[in-house]
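Architecture at a glance
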Amino acid sequence: MIKIRNLHKSFEALEVLKGIDLHVRTGEVVVIIGPSGSGKSTLLRCINRLEKLTSGEIIVDEYDINDKNTDINLIRTEAGMVFQQFNLFPHMTALKNVTLGPMKVRGISRREAEQLGMELLEKVGLKDKAHCHPNQLSGGQKQRVAIARSLALKPKVMLFDEPTSALDPELVGEVLEVMKTLAREGMTMIVVSHEMGFAREVADRVIFMDEGMIVEQNTPRELFTNPRNERTISFLSKVRSPIE
Amino acid sequence: MAGHFNFKASVIWESIPILLVGIKFTIFITVFGLVIGFCLGAVAGLGRTSRNPLFYRAAGFYIESIRGTPLMVQVMFIYFGLPLALNMRVPPLAAGIGAIAINSGAYIAEIVRGSIQSIDIGQMEAGRSIGLTHFKTMMYIIWPQAFRRMIPPLGNQFIISLKDTSLLVVIGVGELTRTGQEIIAVNFRAFEVWLTVAVMYLALTMTIAKILRILERRLEIR
């Protein structure tokens, strides 16, 4: 589904990604962990070209995203993005947030779009909030609307950029539940997150990134119980709560 | 020979019907000047947020040259100067509307630019991430939000432009100030007439402020 070869990304003199190779299979759930500044978010943002690559290659569903002939807007509908700060459109209701893409990108009718929108809001448990504006929603509800908004384009892969990091602790669960449902339905997902519980339960593979490189990757069970790299061990010891 | 000033209220009542003719011109010039000015300002403001270097520089040249020169000079240039170069007469009303439009456009451009740039970058990213083009994201997501933020500074500019129409006396447009001058030329009652003119401007600017407050409330995010 996604093939990344020797990806480099620099912001002026600062090299953020230093040669990333990553293949993600259809239906696979990959969780990326790592300290802040390790390039996790940048990697995710390169996949739907919110960031331009400096060098290397990214293939999403057979399309080379750097190819001039590739319609980048098409790629972006194939790879839905969920942001840490939700980025809902504040001047539109929840339903409009969801239907805008299908109507203005896919060109389907309002009636069809609203039917799809209501189905998706129901799926994320917010059918009764369809006509609320984002400022009437809690953080967890906003993020669930944002997920519905991405799903409305029927993407083949979902990219989650720290989807629960801006949430109050008691609201994290409802968002993770929606993500787990997606994973169970076979959605291909790349998730940048520090939710170790989620990674352990849902991920097929956990990737540890540091300083712009993939340091270690393995099944969650292996990576969490038996990390091999020094930096992985050190990172995991810092993020684990003492109760675990 | 200190003159004894006595206030004559009757002068005011007699002036009002004549001044109302002037007010019509003032409103006409202001409305058309600002409608065109807003279009110019929107285009130039978008130019200042554009990555196209030609568009960006052209907008910059327009804004800087207009903001950097007095309106009075612009008015006289359009009315007395341009006709010589173009070899055609420009009617005073058209010159007046043109001057107000071009002048307000430059200031409105900065209002538009500032409002657009104040919208969180995440909004553009979210729009692009669902596959909208840059243009459609601007149209459906950035502009509606930016427009709300433009209203208070636009109100300011509208009021300034309305008052600026009084400068058009230099090219003989029969707007409110010009009408006042003409009445005084006949009756020499400067105190009463200018007081009336001032109150009329105040009534106009307060109306603009009121309309914009209503608009702002209507567009508020519920």
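Calculation criteria
- Residues numbered from 1 in each chain as written.
- Chains lettered and ligands numbered in written order.
- Predicted model: local features only at pLDDT ≥ 70, side-chain atom pairs only at ≥ 80, totals over all residues.
- Heavy atoms only, no water.
- Pairing = 2+ DSSP bridges.
- Helix = DSSP H or I, 4+ residues; strand = E, 2+ residues; numbered from the N terminus.
- Expected span 1.5 Å × (residues − 1).
- Bend = angle between axes of the 7 residues up to and from the residue.
- Contact = heavy atoms within 4.5 Å.
- Salt bridge = Lys/Arg side-chain N within 4 Å of Asp/Glu carboxyl O.
- Polar contact = N/O pair within 3.5 Å; in protein donor to acceptor, adjacent residues only side chain to side chain.
- Nonpolar A, V, L, I, M, F, W, Y, C, P; charged D, E, K, R; others polar.
- Buried < 20%, exposed > 50% of the residue type's maximum accessible area, 1.4 Å probe, protein only.
- Right-handed = clockwise from strand over helix to strand, strands pointing away.
- pLDDT = per-residue confidence, 0-100.
- Axes fitted to C-alpha atoms, helices over the stretch in contact; angles between N-to-C directions.
- Parallel < 35°, antiparallel > 145°, perpendicular 65-115°, else oblique.
- Left-handed = near helix turned anticlockwise from the far one by under 90°.

Bringing the pairing of strand E10 (residues 213-218) of chain A into the picture now. All names here are of chain A. For strand E9 (residues 205-210) and E10, the ladder comprises 5 bridges, and the chain directions are antiparallel. Within the sheet, the bridge partner assigned to aspartate 210 lies in E10 and is methionine 213. Here E9 folds back onto E10, and the loop between the two strands holds 2 residues, one of which, glutamate 211, carries a positive phi near 50°.

Here helix H6 (residues 134-164) of chain B contains 31 residues, and its C-alpha end-to-end distance of 37 Å is more than 12% below the 45 Å for a straight helix at 1.5 Å per residue. By the largest-angle criterion, isoleucine 142 of chain B marks the main kink of H6 of chain B, which is about 45°, and a proline, proline 144 of chain B, follows within four residues.

We now examine helix H4 (residues 92-118) of chain B. Taking 1.5 Å per residue, 27 residues should reach 39 Å; H4 of chain B reaches 39 Å between its end C-alpha atoms and fits that length. Within H4 of chain B, the axis deviates most sharply at alanine 106 of chain B, by approximately 30°.

What follows deals with the interface of chain A and chain B. Interface extent is often summarised as the accessible area lost during association of the parts. Contact with chain A, which involves 23 residues of that partner, is made by 20 residues of chain B. Taken together, the connections running from chain A to chain B amount to 1 salt bridge. Among the salt bridges present, the one from glutamate 125 of chain B reaches arginine 45 of chain A, with a minimum N-O distance of 2.5 Å. Across the chain A-chain B interface, the total number found is 7 residue pairs in polar contact (both at pLDDT 80 or more). Put simply, the parts of the chain that give the side of chain A that touches chain B at least two residues each are helix H2 (72-78), strand E6 (79-82) and helix H3 (94-106) of chain A. Class assignment for the residues of the side of chain A that touches chain B results in 11 nonpolar, 8 polar and 4 charged.

A few words now on the pairing of strand E8 (residues 188-192) of chain A. For a regular strand, side chains alternate in direction, first toward one face of the sheet and then toward the other. Residue and element names in this part refer to chain A. Within E8, 5 of the 5 residues are buried, leaving the element largely enclosed by the surrounding structure. Two elements, strand E3 (residues 29-33) and E8, share 4 bridges in a ladder whose sense is parallel. Paired with valine 31 across the two strands is valine 191, which belongs to E8. Direction of pairing for strand E7 (residues 157-161) relative to E8: parallel, over a ladder of 5 bridges. If you follow leucine 159 over to E8, its bridge partner there is isoleucine 190. Note on the crossover from E7 through helix H6 (residues 169-184) to E8: the handedness is right-handed.

Attention now moves to the side chain of threonine 205 of chain B. Within the secondary structure, threonine 205 of chain B is located in helix H8 (residues 190-219). Every residue in contact with threonine 205 of chain B, bar those within four places of it in the chain, is listed here: Ile159, Leu162 and Lys163 of chain B.

So, about the confidence of the model for chain A. Mean pLDDT over chain A works out to 93, with 98% of the residues at or above the 70 mark. By mean pLDDT, strand E5 (residues 63-64) of chain A is the weakest element of chain A at 89, and helix H5 (residues 139-151) of chain A is the strongest at 97.

Residues and elements named next belong to chain B. Where helix H3 (residues 71-86) meets H4, the axes come as close as 9 Å, and the angle between the chain directions of the two elements is 140°. Relative to H4, H3 is oriented oblique. Of the two possible hands of crossing, H3 and H4 adopt the one that is right-handed. When H3 is examined against H4, the residues Leu71, Gln74, Val75, Ile78 and Tyr79 are found in contact with a partner set consisting of Pro92, Ala95, Gly98, Ala99, Ile100, Ile102 and Asn103. Its residues placed into classes, the contact of H3 with H4 shows 9 nonpolar, 3 polar and no charged.

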